[in-house]
Amino acid sequence: MAQSEAGRGELLAVAEEARRKIDANARDADAYRALGRALRRLGSHEEAQQAELGAIEASQHDPETRRAAQALVAGDLPTAEAVLRAILARRPDDVAAARMLADVAIQSGHVADAEKLARYALNLAPGFEYARFTLATALDRLGHPAEALAELSKIVESYAEQPSFLVLKAETLAKLGRSEAAIAAYRDLTRIAPQDSTAWIALGNLLRIEGDDQGAVDAYRNVLKTSPTDGEAWWSLANLKTLPFDDDDVAAMQAALKTGSLPDDQRAQLHFALGKALEDRGEDERSFRQYKQGNAIRLRTSRYDPAASTRLIEEMERVFAADFLAAHAQDGCQASDPIFILGLTRSGSTLIEQILASHSQVEGTGELPEIILAAKGLEQARPNGATGGWRNYPEILRDLAPADFRHLGETYLARTRTDRKTDRPFFIDKMPNNWFHIGLIRLIVPNARIIDARRHPLACGFSNFKQYYAAGQEFTYDLDHFGRYYRDYVRLMAHFDQVSPGAVYRVLHERLLADPETEIRKLLQFLNLPFEDACLRFYETRRSVRTVSAQQVRRPIDASQVDQWKRFERWLGPLKRALGPALEEWDRGSAAKA
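Caption draft 1: Up close: the overall build of the protein chain. A tally of regular secondary structure across the protein chain gives 30 helices and five strands. Here the protein chain holds 594 residues, and 52% of them are scored as buried. Restricting the contact set of the protein chain to residue pairs at least 6 apart, pairs at least 24 apart contribute 69%. If you sum the accessible surface of the protein chain, you get close to 26,800 Å²; carbon and sulfur atoms cover 49% of it.

Caption draft 2: Layout of the side chain of Asp331. When you line up the elements, Asp331 lands in the loop between helix 20 (322–327) and strand 1 (338–343). At 2.6 Å, the side chain of Asp331 and the side chain of His328 are in polar contact. Excluding residues within four positions of it along the chain, Asp331 makes contact with Pro402, Phe405, Arg406 and Leu443.

Caption draft 3: The arrangement of helix 13 (residues 197–209) in detail. Its 13 residues place the ends of helix 13 18 Å apart at the C-alpha level, agreeing with the 18 Å of an ideal helix rising 1.5 Å per residue. For helix 13, the buried fraction is high: ten of the 13 residues fall into the buried class. Those residues of helix 13 that fall on the buried side of the exposure criterion are Ala199, Trp200, Ile201, Ala202, Leu203, Gly204, Leu206, Leu207, Arg208 and Ile209. Tucked into the core, helix 13 has its buried residues touching helix 11 (163–175), helix 12 (179–192), helix 14 (213–226) and helix 15 (231–238). With a side-chain oxygen lying 3.0 Å from the backbone nitrogen of Thr198, the N-terminal cap of helix 13 falls on Asp196. Downstream of helix 13 by one or two residues, Gly211 has phi in the positive range, about 90°.

Caption draft 4: View of the sheet that holds strand 2 (residues 362–364). Ordered in space as 2-3-1-4-5, the five strands form an open sheet in which the pairing is parallel. The open sheet has two free edges, formed respectively by strand 2 and strand 5 (504–508), since each of these has just one partner strand. Strand-to-strand twist of the sheet, defined as the mean angle between neighbouring strand axes without regard to direction, takes the value 25°. Note: strand 2 against strand 3 (residues 426–429), three bridges, orientation parallel. Along strand 3, the bridge assignment pairs Glu363 with Phe427. Strands strand 1, strand 4 (449–454) and strand 5 of the sheet are contacted by helix 26 (residues 479–499), whose axis makes an angle of about 145° with strand 4.

Caption draft 5: Unusual backbone geometry, seen in detail. Following Tyr393, the chain continues to Pro394 via a peptide bond in cis, the omega torsion being 5°. Along the chain, the position of Pro394 falls in the loop between helix 22 (370–381) and helix 23 (402–416). Despite not being glycine, Gln473 shows a phi value in the positive range, around 50°. Positionally, Gln473 belongs in the loop between helix 25 (457–465) and helix 26. When its relative accessible area of 18% is taken as the criterion, Gln473 is described as buried. Even without being a glycine, Asn528 presents a positive backbone phi close to 60°. With respect to the helices and strands, the residue Asn528 is situated in the loop between helix 28 (516–526) and helix 29 (573–579).

Caption draft 6: Highlighting the side chain of Arg455. Mapping Arg455 onto the fold places it in the loop between strand 4 and helix 25. Among all residues touching Arg455, those that are not within four sequence positions of it are Arg346, Ser347, Cys460, Ser463, Tyr486, His509, Glu510 and Trp586.

Caption draft 7: Representation of the nonpolar core within the structure. Residues Phe320, Phe340, Leu397, Trp435 and Tyr486 are the most contacted members of the largest nonpolar core, which totals 111 residues. The biggest single contributor to this core is helix 26, with ten residues. Not counting chain neighbours up to four residues away, the residues in contact with Phe320 comprise Leu325, Pro394, Leu397, Gly439, Leu440, Leu443, His495, Phe496 and Val499. Formed by 37 residues, the second largest nonpolar core is a distinct cluster that contains Leu77, Ile87, Leu101 and Ala125.

Caption draft 8: Layout of the packing of aromatic side chains. Applying the stated rule across the entire model yields 27 aromatic pairs. With a centroid separation of 6.4 Å and 20° between ring planes, the pair formed by Phe288 and Phe462 is classed as stacked. With Phe288 in helix 18 (residues 284–300) and Phe462 in helix 25, this residue pair connects regions lying 174 residues apart in the sequence. With respect to burial, Phe288 and Phe462 carry one shared label: buried. On the basis of an interplanar angle of 65° and a centroid distance of 6.2 Å, the ring pair of Tyr304 and Tyr485 is categorised as edge-to-face. Of this pair, Tyr304 sits in the loop between helix 18 and helix 19 (306–319) while Tyr485 sits in helix 26, and the two are 181 residues apart along the sequence. An aromatic cluster is defined as three or more aromatic residues linked by ring pairs; in this entry it consists of Trp235, Phe272, Phe288, Tyr291, Phe462, Phe465, Tyr468, Phe568 and Trp571. Directly above the aromatic system of Phe526 lies the positively charged group of Arg449, at a separation of 5.4 Å from the ring centroid.

Caption draft 9: Expanded view of the pattern of salt bridges. One pass over the structure, following the stated rule, counts 31 salt bridges. The shortest N-O distance in the salt bridge between Arg454 and Asp452 comes to 3.0 Å. A residue is classified by how much of its surface remains accessible, and Arg454, at 5% relative accessible area, is buried. Across the pair Arg521 and Glu517 runs a salt bridge, and its minimum N-O distance is 3.1 Å. Separated by four residues within a single helix, Arg521 and Glu517 lie in helix 28, roughly one turn from each other. Linked by salt bridges that have partners in common, Asp247, Arg281, Glu283 and Arg286 make up one network.

Caption draft 10: Looking closely at the pairing of strand 1. Of all the six residues making up strand 1, six are buried; the element is thus mostly covered by neighbouring parts of the structure. Both faces of strand 1 are covered, namely the face carrying Pro338, Phe340 and Leu342 and the face carrying Ile339, Ile341 and Gly343. Of the strand pairs in this sheet, strand 1 and strand 3 are connected by three bridges, and their pairing is parallel. Its bridge partner lying in strand 3, Phe340 is registered against Asp429. In this sheet, strand 4 lies alongside strand 1 in parallel orientation, the contact comprising five bridges. Bridge pairing in strand 4 links Ile339 to Arg449.

Caption draft 11: Representation of the confidence of the model for the protein chain in the model. Per-residue pLDDT for the protein chain averages 87, and the proportion of residues at 70 or more is 85%. Within the model, the stretch residues 383–389 combines pLDDT values under 50 with seven contacts to residues more than four positions away or in other chains. When the criterion is pLDDT under 50, residues 590–594 qualifies, and its contacts beyond four places in sequence or with other chains add up to seven contacts.

Quick notes on the rules
- Residues numbered from 1 in each chain as written.
- Predicted model: local features only at pLDDT ≥ 70, side-chain atom pairs only at ≥ 80, totals over all residues.
- Heavy atoms only, no water.
- Helix = DSSP H or I, 4+ residues; strand = E, 2+ residues; numbered from the N terminus.
- Buried < 20%, exposed > 50% of the residue type's maximum accessible area, 1.4 Å probe, protein only.
- Contact = heavy atoms within 4.5 Å.
- Areas by Shrake-Rupley, 256 points an atom, 1.4 Å probe, with all protein chains shown as cover.
- Polar contact = N/O pair within 3.5 Å; in protein donor to acceptor, adjacent residues only side chain to side chain.
- Expected span 1.5 Å × (residues − 1).
- Pairing = 2+ DSSP bridges.
- Axes fitted to C-alpha atoms, helices over the stretch in contact; angles between N-to-C directions.
- Core = buried A, V, L, I, M, F, W, Y, C linked by side-chain atoms within 4.5 Å.
- Phe/Tyr/Trp six-rings, centres within 6.5 Å; stacked < 30°, edge-to-face > 60°.
- Lys NZ or Arg CZ within 6 Å of the ring centre and 35° of its normal.
- Salt bridge = Lys/Arg side-chain N within 4 Å of Asp/Glu carboxyl O.
- pLDDT = per-residue confidence, 0-100.

Now the structure itself:
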């Protein structure tokens, strides 16, 4: 007891000395930090929080902290990082520096490090709202929107009304499928910042997802009232797929393209939007020229390497040999909940999901990132290019024990549970690029069903060529690149047909459009599900649809558009040459027999 009292006396003395220093110099951040530490140990948490926040405020006047902040604003991340690490080496409890370093880590792509730094800052100063916001940002970037939203909910109202907080809140709500709350957050944001075009477009996108086409149009048009050259607003209107542009719209887009100061991304969006308008008007040559110009802009900054893609497929074939898959056939999580729909983008996967989500036993949860995140996690688990037996994905899978596969499968199911809003026994993961990871899927959730959505290679290629993607899908910017990518895709799918026969069920888009009932019955039989008439009336099912086909799958099937790509066939020579055997196989009809 005497020692405890003595210790308390020492802490009180430290606190009193710190207060004297603060009285003498209100910008003494070290004194605030000392006061906060002492008060925490004394149990005076509310007063400690005030002292901790005082240290953060005072640190803004520190020359080195200001230098780091200026470098961060200027985008000079190496300088900002060096200065902040030097500060933390001298003052490990400088929470302002720790939070800023977390921001640097986010901008540098080291998001896991950002999470650790933000948690460290919050451990030192639990009331530091911007550190909590940084933590929420990191969690969201890591693919954990539920955890991000939980952190945002702890932020006091005065901070939570700031635009940056509202943006992240709306984004996380949308990712979690809480569309009504997300729309409300975006409406709050547009009320607070009515000139924020990004907020209006985000609101429009969410209204489109929910099927409110007119609300989406109004939101996009609201941007164009004040920014008639805004390429993203024009492309968003075009991306509805069902909105006809009038003469005034075409003239406005043509005028916007004559603006010399447009950023490349907005110029590309305008080309794609104008291409859509001209295609709808039957001006095919002018339309294709616009698509080609838009893709040329995107191609300038693309890092896509077709040869690297082919090398990855070759490695997948080596790793996922029949004997390896057979040896680990029952090692993963034995749950049968997931139904994977995969394949190339613009191949009809959204239609398949809408049909299956109309079944009473299946929940459509959209394009989930968890398999790709699992693959990236395995890639990051071993140093790239390391020697001494360290191997990268997919080769690293050879090093895993049965318990590792089971853990990966259980983690996948746990992560996807937040995306499920019903008690239906099955759910759909419709991430197209999961076709790269069929081997991983077979190892970690061996009882999952896998559906390959496939479309005529020229139809699929042209549909992708005229689609503007905000990020990713870089193989679509060049017809030759797409052809080689499609060829790699067909090659890997054929490999799994051979080493794991019957594991993948193929749905041909053209056949589904031609005879929906027959194809739907066959698909449900593969899934061991009884036929339900609601699957034929899929367009009546009300649900969020996040892909570019959202408006199309809310209407009955229209098979008349299946060959629309043939109007542009004369310009698809590079695609035909790159496809080579893949196109020949389709034309011979062997794909239709699969």
